[in-house]
Amino acid sequence: MPNADSWVVLKFGGTSVATRSQWDTIASLVRRCQASGEKPLVVASALDGTQDQLWTLIRSVRDGGGDQEKGKVWDAHVRLAKELGVDGEPLLAPHMQDLERLLLGIGLTAESSPATSARVLSTGELMISRLGAAFLESQGLPITWLDARTVLRSVNGSSNSVQGHFLAATCSGDPDVELQRRLAGCSIVLTQGQLASNEHDQTVRMGCGGADTSAACFAARLQASRMEIWTDVPGMFTTDPRKITSARLLHHLDYEEARELASTGADVLHPRCVDPLREHHIPLYVRCTDTPHLAGTKVADDVPGYGAQVKAISMRRGITLIAIETPRMWHQVGFLAKAFAIFERCGLSIGHVATSESSITVSIDPVQEVDYGAVDAAVHALGAFCRVRPIEPCASVSLVGRHLRSVLHELGPALEVLDEQRVLLVTQAASDLNFSFVVQERHADRLVKRLHNQVFGNIGAQDPFGPTYRELLASEEPVNVRPWWRRKYEELLALDTPSFVYDTATLRERSASVRDLPPIDRAFYAMKACSHPGVLRVFYREGLGFECVSPGELDLIHQLFPDIAPERILFTPNFAPRHEYSDGFDRAGYVTLDSLRPLELWPNVFANREVIVRVDPGRGQGHHRHVRTAGSQTKFGIAPSRLSALKALARDIGLNVSGLHAHVGSGILTPETWPEVAFFLGSLLERFPDVRHLNIGGGLGVPERPGVLPLNLEILSERLSRFKESHPQLELWMEPGRYFAAEAGVLLARVTQVKWKGARCYIGIETGMNSLIRPALYGSHHFIVNLTRIGEPAAMTADIVGPICETGDVLGHGRRLPRTREGDMLLVANAGAYGRVMSSAYNCRNPATETLLA
């Protein structure tokens, strides 16, 4: 429990102080601190958009225009006051009067000094802090309103320019005993972000990110127990989550990582705020005002280390490159110093630097608030002794993490996306915390998206990575709004556990959805997805064929359906011994061949037979690299370059190629995939004139995460129909597995223990990766619900773990659940495929049983 003088600094950005609901949240957070025996100091930023309006007002009045923007500033604050239920006009009027006097002076002199601009811009913070204090007081909270300018003083000589002195000031973050005494009798303080004063008591501003920085200075001066930044996103992510919703939350970062992320483009946090906190070991939490129940990101020096890894991909726009070229650089002592002295005189801060024997390329750092007209002055000065060329607009894209030099070899596939980009500059931070590329600004968004997909596309929610932004903000309801298990939850609650449970009606619906597609002539069920006899009987009655990959699967099909027609069995072995091919020809209607080697080793087995040839289209797809089944890095299929040799071998032994097959992977949600496969196989028909059917594979995806759209079967059907129109002589086959069974099955298990380790909660259940290994193997996401408490609101965030002696025995990270207790039944959805069939008795624990519901 903190002591009575334990301060907590809560900083709220401009998007977090704009509505009544957000101020209600602020009030509840203040009460939470009080209930914990802490003293909150609230730092409020100006309303979002106010600073832009005030800058516009300054320029307009200075240039002889009107002051229409003044009315917008007034109206926005009066509206908020009315929403907050406080009398805003007497609170706001003194600040508006000061603003009018300042504007009058600007209009009379036709100029706005940095000192005057700082005073005008301070109007936004002063007005919102007055309204906020009045509202909190109306809620019965004992508020002390504090003018930040009476506490924070800019450091002498902190800027080389007058503009920087007033508009980008720096303040000390040393502990302030006098301030601590001054506020000792206060229980709640509300003050402004950005604002400070100089040695002459003039108003100064702390520049870009100044509200974060001033809050950090307050935290350091008060020796606060922690600082919290409340913003419009629930933490720091692997990239900007507002642009890429698959970005994953970063549970924790150390100070250096957080500063590096902020300095390379993560604008949720300003890099200047980190140093005062790090120096005094004050932990920082980044959280979201609109979702205060989410834990967000913790920045501290006691966070776990994970070795060398990429933590995030960030981007910063507004980069200007300056390229300097001259052969006189060669072995010329002091050339760099001469060039950089010009940047210093012009007040330009350098970001990235790359040098060679005859050239230098530098980027102008957009973090600082500078006069970018100075770029022209720098270019002119540099032109006196070298060729100089500015390049803009540019953007820097940075891989941020720890010990990146040691993992560069692992980033090779990710960096392949740079092939299509014109990279203007490449730098690696001396701190080994970032690896950056500068490209033309118009290419940056696409580059970030592709890099993020390559680096983080296969990473699940495992420390330090949490849920995706989409998962955090979307409803925890799966895509199927009324899944079958919601209708049958009472029946499920009565079952023994742990158990996989399958629903007959859903199995029928899923099989019919593909079987009845007009362009599909034959649908096979890939029985490796789920081989429960009851499930197979459902699909048999539905008229599906069966795709088998082993003699054991052939045995089971013939045992269950002794009268099955051979044409309903497709045998697809892989790296199989001789007897499996012989067995397949005896017991299946169709056999697939995906290598030339069996023909070379055992020509007698294939003599005068028919086969379907599996061809590798060269590029795989799927939700994880382990389920991508095409390309040179996978073991499946025959490369097109080897088809001529195959044709010669087939001719020599009398083998007839009656079909072609390609399968690119699993978990695919883009309907264009299978038409592309069909046209690829169609391009090979001239080599094999006897082909009667094309098997375009399976891999139809099932949405795993909230907000993901399901596969559009209408588009799939329409585009396959176009192919059929141009190839009417061919049959089209498909062989889905998971698509037929996944949503029809769930895993039920009882809660054994609920355990807390610090702020982290673990809910243990009676089975784990021994029953369902997909989360550990593929990083897959399964929706998890407390079936016992269905309908109750979420009240806790927990990792769902099993009893297996492995750290990877986690079925779900960071799940929102009702208050869960031992004995509750949890349901893991979309578990009908690759569940029981991949289970084991690891740790000598029996996996979950299976049940089929009518």
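Residues numbered from 1 in each chain as written. Predicted model: local features only at pLDDT ≥ 70, side-chain atom pairs only at ≥ 80, totals over all residues. Heavy atoms only, no water.

Trainee: Tell me about the packing of aromatic side chains, and name the residues and values.
Mentor: How two aromatic rings sit relative to each other is given by the distance of their centres and the angle of their planes. The full count for this structure, using the stated rule, is 18 aromatic pairs. Where tryptophan 23 meets phenylalanine 135, the ring centres are 6.4 Å apart and the plane angle is 65 degrees; that geometry is what we call edge-to-face. Note that tryptophan 23 is positioned in helix H1 (residues 20–35) and phenylalanine 135 in helix H5 (residues 114–138), a separation of 112 residues in sequence. Judged by its relative accessible area of 0%, tryptophan 23 is buried. Under the relative-accessibility criterion, phenylalanine 135 is labelled buried at 0%. Judged by centre distance (6.2 Å) and plane angle (35 degrees), the rings of tyrosine 525 and phenylalanine 740 are tilted. Taken together, the residues span a long stretch of sequence, with tyrosine 525 in strand E20 (residues 522–526) and phenylalanine 740 in helix H27 (residues 738–741) at a distance of 215 residues. Judged by relative accessible area, which is 0%, tyrosine 525 ranks as buried. (Phe/Tyr/Trp six-rings, centres within 6.5 Å; stacked < 30°, edge-to-face > 60°. Helix = DSSP H or I, 4+ residues; strand = E, 2+ residues; numbered from the N terminus. Buried < 20%, exposed > 50% of the residue type's maximum accessible area, 1.4 Å probe, protein only.)

Trainee: Can you explain the pattern of salt bridges? Please cite residues and give values.
Mentor: Evaluated as defined, the whole model comprises 41 salt bridges. For aspartate 445, the salt bridge identified is with lysine 243, shortest N-O distance 3.7 Å. You can see aspartate 445 sitting in helix H14 (residues 441–456) and its partner lysine 243 sitting in the loop between strand E7 (226–231) and strand E8 (248–250), a full 202 residues away along the chain. Exposure remark for aspartate 445: the relative accessible area of 38% places this residue in the partly exposed category. Residue classification places lysine 243 among the partly exposed positions, given a relative accessible area of 49%. In this structure, arginine 278 and aspartate 275 form a salt bridge, with 3.2 Å as the shortest nitrogen-oxygen distance. With arginine 278 and aspartate 275 both in helix H10 (residues 274–279) and 3 residues apart, the pair spans about one turn of that helix. Taking relative accessible area as the criterion, aspartate 275 reaches 33% and is therefore assigned partly exposed. (Salt bridge = Lys/Arg side-chain N within 4 Å of Asp/Glu carboxyl O.)

Trainee: Mind laying out the side chain of serine 658, listing which residues take part and the relevant values?
Mentor: Along the chain, serine 658 turns up in strand E25 (residues 656–661). With relative accessibility at 2%, the residue serine 658 sits in the buried group. Sequence-distant contacts of serine 658, that is, excluding residues within four places in its chain, are made with Glu610, Val611, Ile612, Asp690, Val691, Arg692 and His693. (Contact = heavy atoms within 4.5 Å.)

Trainee: A description of the sheet that holds strand E3 (residues 143–145) should follow, citing residues and the corresponding values.
Mentor: Reading across the sheet, the 8 strands line up as E3-E4-E2-E1-E7-E10-E11-E9 and stay open at both edges, with mixed pairing between neighbours. Edge positions in the sheet fall to E3 and strand E9 (252–253), since each of these pairs with one other strand and no more. Two elements, strand E2 (residues 39–44) and strand E4 (residues 188–192), share 4 bridges in a ladder whose sense is parallel. Among the inter-strand pairings, alanine 44 is bridged to a residue of E4, identified as glutamine 192. Across the sheet, helix H8 (residues 210–222) touches strand E1 (7–12), E2, E4 and E7, and the angle it forms with E1 is around 175 degrees. (Pairing = 2+ DSSP bridges. Axes fitted to C-alpha atoms, helices over the stretch in contact; angles between N-to-C directions.)

Trainee: How would you explain the packing of helix H4 (residues 88–109) against H5 if you had to name every residue and give the values?
Mentor: At a minimum axis separation of 9 Å, H4 and H5 run at an interaxial angle of 175 degrees. With respect to H5, the element H4 is oriented roughly antiparallel. When H4 is examined against H5, the residues Gly88, Leu91, Leu92, His95, Met96, Leu99, Leu102 and Ile106 are found in contact with a partner set consisting of Thr116, Arg119, Val120, Thr123, Leu126, Met127, Arg130, Leu131 and Ala134. Counted by class, the contact of H4 with H5 contains 11 nonpolar, 4 polar and 2 charged residues. (Parallel < 35°, antiparallel > 145°, perpendicular 65-115°, else oblique. Nonpolar A, V, L, I, M, F, W, Y, C, P; charged D, E, K, R; others polar.)

Trainee: Lay out H5 with the relevant residues and their values.
Mentor: It helps to recall that an α-helix has 3.6 residues per turn; residues three or four apart then point in one direction. With 25 residues, H5 should reach 36 Å at 1.5 Å per residue; the first-to-last C-alpha distance of 37 Å fits that figure. At serine 122, H5 shows its maximal bend, which comes to roughly 30 degrees. Burial analysis of H5 places 19 of its 25 residues in the buried class, which makes it a mostly covered element. Within two residues after H5, glycine 140 carries a phi angle of roughly 85 degrees, on the positive side. (Expected span 1.5 Å × (residues − 1). Bend = angle between axes of the 7 residues up to and from the residue.)

Trainee: I'd like a description of the environment of glutamate 83, backed by residues and values.
Mentor: Considering the arrangement of structural elements, one finds glutamate 83 in helix H3 (residues 68–84). Overall, the relative accessible area of 40% leaves glutamate 83 in the partly exposed class. Distance in space between the C-alpha atoms of glutamate 83 and serine 21 is 9.5 Å, their sequence separation being 62 residues.

Trainee: An account of unusual backbone geometry is requested, with residue identities and associated values reported.
Mentor: Following threonine 497, the chain continues to proline 498 via a peptide bond in cis, the omega torsion being 0 degrees. Structurally, the position occupied by proline 498 is in the loop between helix H17 (489–493) and strand E19 (499–503). Backbone geometry places histidine 281, a non-glycine residue, at a positive phi of 55 degrees. Counting through the fold element by element, histidine 281 comes out in the loop between H10 and strand E10 (284–288). Since its relative accessible area comes to 55%, histidine 281 is described here as exposed. Positive phi, close to 60 degrees, is recorded for cysteine 844, a residue that is not glycine. For cysteine 844, the location among the structural elements is in the loop between strand E33 (825–828) and strand E34 (849–853).

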